[in-house]
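Secondary and tertiary structure notes
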Amino acid sequence: MQASLPNLLQRLQHGTVAWLHSWWRLLHFAVLMFSVALTPSSYGRDRRPVLAGHLVADTAPNLAWYGVLSALVSLVLIRIVVVTSLSYGLSRFALEMVVRVLVLELIPLTAAAFVALRTTLPAGLEFSQGRSADRQVTEQELHNDFFPRVAAGIFAVWMLAAVSCVLTLILAYLSLYGFTPWALTGYTRVVGQVFNPAVTLILVLKIVFFSFAVGLIPMASSFYFGASYRNKVTHGLSDMVRLFAVILLIEVASLMGNYY
């Protein structure tokens, strides 16, 4: 027991150092990508087609699938909330509950998870396998390879969350009031009361931080490990755990900001 204690402490120290080092690498990569994003040459005429291609390829297919899935799930959840509210005599709170549960919480979270699982995590693993291990990344690669993929992941989360929020608000109105314009005044008043400046700011910040996590974390591993990334993490499991841990922390912070 006495002999194993120093070994245990040593392993704990090495694990802590490796954990801190991995987060430091992620922070360094994020700063590097933001510096590239603020460089005007990243949007030059010769680089715009590559950037636009990644934006369209990562957003359009996800937008179609996620739009359909979120509409179906939203209709089911809206119906559940409405029926439950009517059964307890709380129908006047049904719309507010729908907006808070779906628009404020579920849609941004599912949009980030959808883009991560469908696009950024597989793309990061695939891209890393085509790179040479332990080779210095050039500035040309930063602008042409890394930055377009990071920007596409960030933009995809923004677009999916924005479109799905609007679609859910429309479906909520139709589910509660039907195809009539006469309830629009009361509907906009209730929605406006939910989206006060503080709640709106928290929602925007949550979507932005979700998108940064989804776009940066998979490509950071590819940046540092290259082809050895395949040996470093099996099928992106390490990145997946880190990504969803960050998303969970952001979600907890937003809940505290909205309800405490």
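Taking an unreviewed UniProt entry as the reference, the protein chain is identified by name as ABC transporter permease belonging to Duganella levis.

**Some details on the overall build of the protein chain**
Of regular secondary structure, the protein chain possesses eight helices and zero strands. Counted from the first residue to the last, the protein chain has its helices and strands arranged as α-α-α-α-α-α-α-α. Taken over the C-alpha atoms alone, the protein chain extends approximately 65 × 65 × 30 Å along its principal axes. The burial tally for the protein chain puts 42% of its 260 residues in the buried class. For the protein chain, long-range pairs separated by at least 24 residues make up 85% of all intrachain contacts whose partners lie at least 6 apart in sequence.

**Comments concerning the UniProt feature "transmembrane region" (unreviewed entry) in the protein chain**
UniProt tags residues 23-43, 63-86, 98-117, 150-177, 198-220 and 240-259 as "transmembrane region" (unreviewed entry). The span residues 23-43 is 71% helix and 0% strand, and its two end C-alpha atoms sit 29 Å from each other. Secondary structure content for residues 240-259 is 100% helix and 0% strand, and the end C-alpha separation is 28 Å.

**A look at helix α4 (residues 139-177)**
Over its 39 residues, α4 runs 56 Å from end to end, which matches the ideal 57 Å to within 8%, given 1.5 Å per residue. Of all the bends in α4, the largest measures some 35° and sits at F147, one to four residues before the proline P148. Backbone geometry just after α4 places G178 at a positive phi near 80°.

**Side note on the nonpolar core**
Generally speaking, a soluble globular protein has its nonpolar side chains buried in company with each other. Formed by 59 residues in total, the largest nonpolar core has its most connected members in F29, M33, F146, V214 and L243. Put simply, the parts of the chain that give this core at least two residues each are α1 (4-37), α2 (48-87), α3 (94-129), α4, α5 (184-194), α6 (197-225) and α8 (237-259). For this core, the element with the highest residue contribution is α4, accounting for 15 residues. Filtering out sequence-adjacent residues up to four positions away, M33 remains in contact with L142, F146, F147, V150 and L216.

**What to know about the packing of α3 against α8**
Where α3 meets α8, the axes come as close as 12 Å, and the angle between the chain directions of the two elements is 165°. Considered as vectors, α3 and α8 are oriented roughly antiparallel to each other. Of the two elements, α3 crosses α8, and the hand of that crossing is right-handed. Between α3 and α8, the residues in contact are R100, E105, L109, A112, A113, A116, L117 and L121 and D239, M240, L243, F244, I247, E251, S254, L255, N258 and Y259, respectively.

**Quick word on the packing of aromatic side chains**
Evaluation of the coordinates by the stated rule reveals eight aromatic pairs. Ring geometry for F34 against F212: centres 5.1 Å apart, planes inclined by 75°, an arrangement best described as edge-to-face. Taken as a pair, F34 in helix α1 and F212 in helix α6 lie far apart in primary sequence, 178 residues in all. Taking the relative accessible area as the measure of exposure, F34 reaches 37% and is therefore partly exposed.

**Observations concerning the pattern of salt bridges**
In total, this model carries three salt bridges according to the counting rule given. K206 is the salt-bridge partner of E105, the closest N and O atoms lying 3.1 Å from each other. Note that E105 is positioned in helix α3 and K206 in helix α6, a separation of 101 residues in sequence. Across the pair, exposure class does not vary: E105 and K206 are buried alike. Through salt bridges that share partners, E105, K206 and E251 make up one connected network.

**What to know about the environment of P6**
Residue placement: P6 occurs in helix α1. A relative accessible area of 47% places P6 in the partly exposed class. On a C-alpha basis, the gap between P6 and I78 in space is 57 Å, while along the polypeptide they are 72 residues apart.

**Comments concerning a nonpolar patch on the surface**
Judged by side-chain polarity, L248, V252, L255, M256, Y259 and Y260 come together as a nonpolar surface patch covering roughly 670 Å² of accessible area. Tracing the backbone shows Y259 in helix α8. Y259 gets classed as partly exposed once you look at its relative accessible area, which sits at 40%.

**A look at the side chain of S164**
Within the secondary structure, S164 sits in helix α4. Among the polar contacts listed, one links the side chain of S164 to the backbone oxygen of L160, at a separation of 2.8 Å. Not counting residues within four places of it along the chain, the set of residues in contact with S164 comprises Y66, S70 and I107.

Calculation rules
- Residues numbered from 1 in each chain as written.
- Predicted model: local features only at pLDDT ≥ 70, side-chain atom pairs only at ≥ 80, totals over all residues.
- Heavy atoms only, no water.
- Helix = DSSP H or I, 4+ residues; strand = E, 2+ residues; numbered from the N terminus.
- Buried < 20%, exposed > 50% of the residue type's maximum accessible area, 1.4 Å probe, protein only.
- Contact = heavy atoms within 4.5 Å.
- UniProt positions renumbered as here; feature names shortened; annotations may be inferred.
- Expected span 1.5 Å × (residues − 1).
- Bend = angle between axes of the 7 residues up to and from the residue.
- Core = buried A, V, L, I, M, F, W, Y, C linked by side-chain atoms within 4.5 Å.
- Axes fitted to C-alpha atoms, helices over the stretch in contact; angles between N-to-C directions.
- Parallel < 35°, antiparallel > 145°, perpendicular 65-115°, else oblique.
- Left-handed = near helix turned anticlockwise from the far one by under 90°.
- Phe/Tyr/Trp six-rings, centres within 6.5 Å; stacked < 30°, edge-to-face > 60°.
- Salt bridge = Lys/Arg side-chain N within 4 Å of Asp/Glu carboxyl O.
- Patch = residues over 30% accessible without salt bridge, like charges linked within 9 Å, V, L, I, M, F, W, Y side chains within 5 Å.
- Areas by Shrake-Rupley, 256 points an atom, 1.4 Å probe, with all protein chains shown as cover.
- Polar contact = N/O pair within 3.5 Å; in protein donor to acceptor, adjacent residues only side chain to side chain.

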